[in-house]
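Structural features, examined
Below, each chain spelled out in residue letters.
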Amino acid sequence: MMNNMKTGILILLLSLFCFKQTYSQSVPENLALKKLDGKEVFFNDVVKEGPVIVSFWATWCKPCQSELEALKDIEDMWKDKVRIIAVSIDDARATAKVKSLVKGKKWPFEVLLDANKELYKAFNISAVPYVVIINEGKVVWSHSGYMPGNEVEVVEKALEYVKKDK
C-alpha cells in the first residue's frame, strides 16, 4: 500500500513537472513588445491570425535554445503553415546579446523582446522554456519545459488548427 502511494505521488510530481494544458485564455490586448529593430508592436496584432506557436525563451536558458534549434531543424514541417514567434524574456541590457545570438543561430522565426516580462507575467508563466499555441486570438494549448522530441508534438498540435484551404 505504501509503495502504491509513493508511486502515485511520483506520477503526480512528474505530471506537474512536464505541464501541458489545453484551454482557451484570451490574448492580452494592447501589450507592446519590441522587435529586434526596436520597433514596437502590439502582441495581439502579431498573433491575430493563427495558428501561432509562441516560444518564451532567454539567452541564459540552454533548454530554450535547444528547443528553438529543434524547431528550426523541422522547419519543413511547419513552414508556410504555422508561424513561430520566439519571445525573449531577457532584460533590456541583454538586447545586444539576443540580437547576436539570433543572428548567429539563423533562426527562421520572428523574435520579439519582452524585456519587462509583461507578456510573461500576463500568461502567468513561472519558468522557461514555455510554449503556447494561439489560434484566433485565444491560447489553445501550452507546454512548460523541453525534452528532445517535444518540438514535433508542438508543431503537430499547431497544425491541427491550420485551415484546410491553406
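My aim in this report is to walk through the structure given alongside it, one point at a time.

Here's the deal with the pattern of salt bridges
- Under the counting rule described, the total for this entry stands at four salt bridges.
- A salt bridge links Lys48 to Asp45; the shortest N-O distance between them is 3.8 Å.
- We note a salt bridge from Asp91 to Arg93, for which the minimum N-O separation is 2.5 Å.
- The exposure class assigned to Arg93 is exposed, which follows from its relative accessible area of 76%.

Some words on the packing of aromatic side chains
- Applying the stated criterion across every chain yields a total of five aromatic pairs.
- Arranged with centres 5.2 Å apart and planes meeting at 85°, the rings of Trp57 and Trp107 form a pair that is edge-to-face. You can see Trp57 sitting in strand E5 (residues 52–57) and its partner Trp107 sitting in the loop between helix H5 (95–105) and strand E7 (110–113), a full 50 residues away along the chain. The burial state of Trp57 is the same as that of Trp107; both residues are buried.
- Ring geometry for Trp78 and Phe109: centres 6.0 Å apart, planes at 35°, overall tilted. Of this pair, Trp78 sits in helix H4 (residues 75–78) while Phe109 sits in the loop between H5 and E7, and the two are 31 residues apart along the sequence.
- On the basis of relative accessibility, which here comes to 4%, the residue Trp78 falls in the buried class.
- Using a relative accessible area of 7% as the deciding quantity, one classes Phe109 as buried.
- The cationic tip of Lys117 hangs over the ring face of Tyr120; the distance from NZ or CZ to the ring centre is 5.6 Å.

Thresholds applied
Residues numbered from 1 in each chain as written. Predicted model: local features only at pLDDT ≥ 70, side-chain atom pairs only at ≥ 80, totals over all residues. Heavy atoms only, no water. Salt bridge = Lys/Arg side-chain N within 4 Å of Asp/Glu carboxyl O. Buried < 20%, exposed > 50% of the residue type's maximum accessible area, 1.4 Å probe, protein only. Phe/Tyr/Trp six-rings, centres within 6.5 Å; stacked < 30°, edge-to-face > 60°. Helix = DSSP H or I, 4+ residues; strand = E, 2+ residues; numbered from the N terminus. Lys NZ or Arg CZ within 6 Å of the ring centre and 35° of its normal.

Nothing here speaks to function; it is geometry throughout.
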